[in-house]
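In case you want the letters, here they are:
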Amino acid sequence: MRMLLSGNEATAHAARLARIEVFPVYPITPQAPMINSIVGFIDRGELKCAHKRMESDHSALAGAAGASLVGARAFTASNSQGLALMHELLFYTAGLRLPVVMAIINRALSAPHCRFPDHSDAIAQEATGWLQLYCENNQEVLDTVLQAFRIAEDERVLLPVMVNFEGYILGHTKEVVEVPEQEAVDAFLPAYSRAVVDVEHPAAINTATNGEIYMEYKYLQHRAMQGSLTVVKEVNAEFAERFGRDWGGAVELYRGEDARALLVAMGSAVSTARIAVDEMRAAGQPVGLLKVRSFRPFPADEIRSVAAGVRALAVIDRDIIYGVGGALHREVQWALAGDAVHKPVLSYIAGMGGRDISVADVKAIGQDVLAATEKGSVPMGAHWVGLKADLVGEAK
Amino acid sequence: MGEREELYRLPREELLSGGHQGISGYGGTIAVRQALKALGPNTVIVVPASAVATVGGLNTSTAWRIPFVHSLFECAPAMATGIRAALEIKGKTGVTLVSFAGDAGSADIGFQSLSGAAERDEDIIHVCYDDEAYLNTGGQAGGTTPAGAQTVNTPQGKPTGKKDLLSIIEAHGAGYVASASIAFPLDFIAKLRKAKERKGFRYLHILTPNPATWGFAADQTIHIARLAVDCGLWPLFEVEDGGRRVTYAPVRRVPVADYIRAQGRFRHLTGDQIAAMQAQVDASAGGGR
Amino acid sequence: MKLPTTPGAYQPGNMGVNPRTAGWKSKAPVLDAGKCDQCLKCWIYCPDAAVEVTADKVRFILDYCKGCGICAVECPTAAISMAGV
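Since the model is a prediction, treat every value here as computed from it, not as a measurement. (Residues numbered from 1 in each chain as written. Chains lettered and ligands numbered in written order. Predicted model: local features only at pLDDT ≥ 70, side-chain atom pairs only at ≥ 80, totals over all residues. Heavy atoms only, no water.)

Caption draft 1: Representation of the overall build of chain A. Helix and strand counts for chain A come out as 13 helices and 16 strands. Since a compact globule built from 396 residues should have a radius of gyration of about 21 Å, the 21 Å found for chain A is in line with a globular shape. Its C-alpha atoms put chain A at 70 × 55 × 45 Å along the principal axes. Going through the 396 residues of chain A one by one, you find that 61% of them count as buried. Pairs at least 24 residues apart make up 82% of the contacts formed inside chain A by residues separated by at least 6 positions. For chain A, the exposed area adds up to about 15100 Å²; of that, 54% sits on carbon and sulfur atoms. Counting 37 positive and 47 negative side-chain charges, chain A places the averaged centre of each group 2 Å from the other. (Helix = DSSP H or I, 4+ residues; strand = E, 2+ residues; numbered from the N terminus. Rg over C-alpha atoms; globule rule 2.2 N^0.38 Å. Buried < 20%, exposed > 50% of the residue type's maximum accessible area, 1.4 Å probe, protein only. Contact = heavy atoms within 4.5 Å. Areas by Shrake-Rupley, 256 points an atom, 1.4 Å probe, with all protein chains shown as cover. Lys, Arg positive; Asp, Glu negative; His and termini not counted. Charge placed at Lys NZ, Arg CZ, Asp CG, Glu CD.)

Caption draft 2: Inspection of empty space enclosed by the protein at higher detail. Residues and elements named next belong to chain C. The full count for this structure, using the stated rule, is 3 cavities of 30 Å³ or more. Of the volumes computed, that of the largest cavity is approximately 110 Å³. In terms of lining residues, the largest cavity is bounded by 16 residues, among which Cys 46, Ala 50, Cys 65, Cys 68 and Cys 71 are the most central. Listing elements by their share of the lining of the largest cavity, those giving two or more residues are helix H1 (41–45) and helix H2 (70–74). Grouping the constituent residues of the lining of the largest cavity by class yields 12 nonpolar, 2 polar and 2 charged. When its volume is computed, the second largest cavity comes out at roughly 90 Å³. In this structure, the second largest cavity is lined by 14 residues; those nearest its centre are Cys 36, Gln 38, Cys 39, Cys 42 and Cys 75. Across the lining of the second largest cavity, the residue classes break down as 10 nonpolar, 2 polar and 2 charged. (1 Å grid on protein atoms, 1.4 Å probe; cavity = no way out; pocket = protein on both sides within 12 Å on 5 of 7 lines; lining within 4 Å. Points joined across faces, edges and corners; volume = space filled by probe spheres on them. Nonpolar A, V, L, I, M, F, W, Y, C, P; charged D, E, K, R; others polar.)

Caption draft 3: A look at the pattern of salt bridges. All names here are of chain A. Inspection of every chain in the model, using the stated rule, returns 53 salt bridges over all chains. As a salt-bridge pair, Glu 136 and Lys 291 come within 2.9 Å of each other at their nearest N and O atoms. Within this pair, whereas Glu 136 is found in the loop between strand S6 (131–134) and helix H7 (138–153), its partner Lys 291 is found in strand S12 (residues 287–292), the two being separated by 155 residues in sequence. Side by side, Glu 136 and Lys 291 carry an identical accessibility label, which is buried. (Salt bridge = Lys/Arg side-chain N within 4 Å of Asp/Glu carboxyl O.)

Caption draft 4: A look at the packing of helix H1 (residues 7–17) of chain A against helix H2 (residues 32–43) of chain A. Residues and elements named next belong to chain A. At their nearest, the axes of H1 and H2 sit 8 Å apart, and the two run at 35° to each other. Judged by the twist between their axes, the crossing of H1 over H2 is right-handed. Mapping the contact onto sequence places Asn 8, Glu 9, Thr 11, Ala 12, His 13, Ala 15 and Arg 16 in H1 and Pro 33, Met 34, Ser 37, Ile 38 and Phe 41 in H2. Considering only residue class, the contact of H1 with H2 consists of 6 nonpolar, 4 polar and 2 charged. (Axes fitted to C-alpha atoms, helices over the stretch in contact; angles between N-to-C directions. Left-handed = near helix turned anticlockwise from the far one by under 90°.)

Caption draft 5: Representation of helix H3 (residues 57–69) of chain A. Residues and elements named next belong to chain A. Look at H3: 18 Å from first C-alpha to last across 13 residues, which is about the 18 Å you get at 1.5 Å a residue. Taken across its 13 residues, H3 has 13 buried, putting it largely inside the fold. The N-cap of H3, judged by a side-chain oxygen 3.2 Å from the amide nitrogen of His 58 a few residues on, is Ser 56. (Expected span 1.5 Å × (residues − 1). Polar contact = N/O pair within 3.5 Å; in protein donor to acceptor, adjacent residues only side chain to side chain.)

Caption draft 6: Molecular detail of helix H6 (residues 111–119) of chain B. Looking at H6(B), one finds that the buried residues are B:Ser113, B:Leu114, B:Ser115, B:Gly116, B:Ala117 and B:Ala118. Looking at the buried side of H6(B), the elements it contacts are H3 of chain A together with helix H4 (76–89), helix H5 (103–107), strand S6 (125–130), helix H7 (165–171) and strand S8 (202–207) of chain B. The first or second residue beyond H6(B) is B:Asp121, which carries a positive phi of 55°.

Caption draft 7: Focus on the pairing of S8(B). Residue and element names in this part refer to chain B. Counted residue by residue, S8 has 6 buried out of 6 residues, so it is predominantly covered. Burial along S8 is two-sided: the residues Arg 202, Leu 204 and Ile 206 and Tyr 203, His 205 and Leu 207 are all buried. Pairing geometry for S6 and S8, over 6 bridges, is parallel. Bridge pairing in S8 links His 126 to Tyr 203. Both strand S7 (residues 176–181) and S8 contribute to a ladder of 6 bridges, which runs parallel. Bridging across to S8, Val 177 finds its partner in Tyr 203. (Pairing = 2+ DSSP bridges.)

Caption draft 8: Summary view of the layout of surface pockets. Residue and element names in this part refer to chain A. Here the largest pocket defines a volume of roughly 850 Å³. As for the largest pocket, its lining consists of 35 residues, and the residues nearest its centre are Thr 128, Gly 129, Lys 218, Gln 221 and His 222. Mapped onto the lining of the largest pocket, the elements with two or more residues apiece are helix H5 (87–95), helix H9 (214–243), helix H11 (300–306) and helix H12 (327–336). In terms of residues, the lining of the largest pocket owes the most to one element, H9, which gives 9 residues. Looking at the lining of the largest pocket, its residues break down into 17 nonpolar, 10 polar and 8 charged. If you count residues domain by domain, the lining of the largest pocket takes at least three from each of domain 1 (2–243) and domain 2 (251–392). (Domains from an automatic or database assignment.)

Caption draft 9: Structural view of the environment of C:Ile44. For C:Ile44, the location among the structural elements is in helix H1. Since its relative accessible area comes to 2%, C:Ile44 is described here as buried. Residues C:Ile44 and C:Cys71, 27 residues apart in the sequence, show an inter-C-alpha distance of 9.2 Å. Residues in contact with C:Ile44, not counting those within four places in the same chain, are B:Leu7, B:Leu10, B:Ile30, B:Arg33, B:Gln34, B:Lys37, B:Pro185 and B:Ile189.

Caption draft 10: Local environment of the interface of chain A and chain C. On the side of chain C, 9 residues touch chain A, which itself brings 16 residues to the contact. Across the contact surface, chain A and chain C share 0 salt bridges. Scanning the region where chain A abuts chain C turns up 5 residue pairs in polar contact (both at pLDDT 80 or more). It is H9(A) that contributes the most residues to the side of chain A that touches chain C, 3 residues altogether. The residue makeup of the side of chain A that touches chain C, split by class, is 10 nonpolar, 3 polar and 3 charged. Pairing geometry for strand S9 (residues 204–205) of chain A and strand S1 (residues 8–9) of chain C, over 2 bridges, is antiparallel. Within the sheet, the bridge partner assigned to A:Ala204 lies in S1(C) and is C:Ala9.

As structure tokens, then:
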């Protein structure tokens with residue numbers, strides 16, 4: 001059925017179709033409309049699920065972890081300060097190998113206070129052991145939440161998954177979304193029931209460990225994260241076959257034919273960049289687009305092979321690691337580090353705190369990267385798109 | 001039924017096996033053993049960072065014979081909330097669910113999640129085992145450390161008083177709230193059994209003296225716990241649906257000084273200070289405050 | 001032995017088999033059976049599940065006992081004494 005849905009509402013429909021069983025959550029702007037939608041489904045008897053009205057984001061994830069230990073399909077949602085508050089529980093959930101799925105309606109972090117989007121909230125959690133998928137539109141949000149449960153619950157993975165989409169830009173903006181039938185989703189996503197807490201089979205979970213086994217557990221987690229890349233791709237392929245929508249798996253190359261340079265982006269900037277690339281192609285400029293859908297696991301091999309035919313790349317980050325630059329740029333550079341031929345990888349910080357990333361912005365980046373294919377070298381450091389020089393005391 | 005007969009009727013099964021790594025004479029593990037006599041095998045226990053979280057497990061070995069979850073420090077009641085929700089949705093009934101937290105995991109760092117679970121009337125029993133200091137990190141003072149107690153970070157004695165968590169949880173409107181002592185195991189077990197028969201949020205607070213941080217010999221743990229009750233500083237009571245009842249009243253109260261002078265952490269207190277404590281206890285009349 | 005996926009211990013009570021605590025004590029309880037009237041105080045106050053009660057006998061499991069001496073102090077008939085090991 002086609003419906004006009006915001007990203008928050010699309011997530012709620014996905015949660016309903018996934019038949020989530022326990023939903024412990026704490027409201028935070030701009031995620032709260034999702035809670036209201038899911039509670040509505042429960043209230044009207046369209047979803048059999050325990051909504052737990054927790055007293056903090058920290059407790060919300062603790063509740064989800066507890067529910068998952070008993071074998072229930074657990075879902076929650078947060079962002080920004082709430083996600084930061086969850087920090088230690090992110091490690092805990094991943095370390096216990098619990099397939100919790102969480103929607104992150106990305107929002108900038110304080111200080112200064114800001115309720116508008118960027119990816120810094122999720123990027124800051126890159127080392128916690130969660131998979132991180134990023135969406136470019138509300139259809140992808142719905143489809144990715146469904147895929148996330150399949151990926152997380154796969155015996156080869158058993159790791160929690162964050163599904164990221166920017167607040168307001170996707171979170172509050174309505175788009176036409178195809179909502180699949182329950183029967184089709186049930187066939188794609190079977191029920192979950194892996195209980196490790198069970199009075200019939202008593203076990204002591206998270207016993208104290210020491211150097212005798214801790215390192216092996218960390219290796220197993222690392223291996224599972226690496227191996228999850230295959231599962232991300234497989235699940236996307238199966239989803240595409242069943243539902244007719246292909247989001248590219250871990251990465252998607254758009255208009256890569258004969259491209260001399262690639263733009264690289266995540267999230268809603270991808271949908272903007274598609275328009276920019278179309279316009280540049282129409283003007284005869286050979287620029288392609290690489291959408292990174294999976295930041296964790298990071299598809300380094302695929303990026304290296306996709307980039308093999310181009311002479312330069314430009315990475316657009318909606319995040320900042322202070323003193324270093326953009327996280328996606330750093331990862332792409334790492335992915336290309338083994339290449340025999342050195343390629344310039346330009347870095348752009350854009351859209352922080354909800355500042356718009358326009359088609360014109362992306363086209364300007366496209367011109368830069370085409371120019372870099374001629375020069376073969378790039379200036380160090382990131383370019384901050386649209387930075388107001390007077391506000392930072394730097395002459396234009 | 002006499003005390004001896006009641007003890008004989010308790011299950012012999014040890015749901016926390018011997019061989020656990022609790023320190024010698026530790027009140028916390030006594031409380032666990034006694035609690036398990038009432039709770040039985042159909043119980044899930046969630047324990048946040050604290051002595052009891054680590055004594056019963058090392059690598060792949062465990063002393064627990066019931067499902068045990070070592071949660072993070074500040075969220076045992078929140079994890080229990082999720083566990084209960086999942087048990088219900090999966091149709092698993094008849095499971096007793098306990099979050100068993102120390103004083104820090106209940107009164108201080110764990111207070112937010114405890115308060116949340118109490119307010120939502122979650123179907124869990126929370127037991128606070130109170131050793132009145134942060135044992136795992138060397139005995140620093142916390143919210144339930146009493147006034148005057150010397151600890152490693154209150155070398156002159158704690159200047160402020162003990163946080164009254166029982167009253168705080170009672171004020172949340174919890175259906176069942178009770179104090180307990182490891183020196184009065186049948187009283188504790190009776191309260192837990194009563195709690196187990198009820199639904200909703202239930203709270204028990206048991207005083208568990210610790211030889212290492214309180215400053216007494218390991219064989220005195222029960223003796224000290226008994227003195228706390230008999231001098232009136234730790235009255236035993238229960239509040240059931242708002243109705244308050246003293247469950248044990250000493251025939252004749254012992255002087256507070258007997259309790260204070262038996263512990264190294266109070267050795268610096270003057271006679272006047274102890275007299276002031278005695279006056280406070282006398283004023284409260286020991287009636288479950 | 002491959003580690004279980006979710007970290008933990010999956011054999012209930014296996015810490016009680018050949019326990020590390022066996023060597024923790026410097027003293028151990030000795031029972032004067034003639035004085036013991038089987039009141040079970042030592043059993044209910046033991047922190048370490050080191051007192052075993054059979055039909056008519058109290059017995060100490062010394063591998064579990066850490067020698068705290070609570071049983072000796074709490075015994076109403078003074079039937080337990082602590083002796084060096």
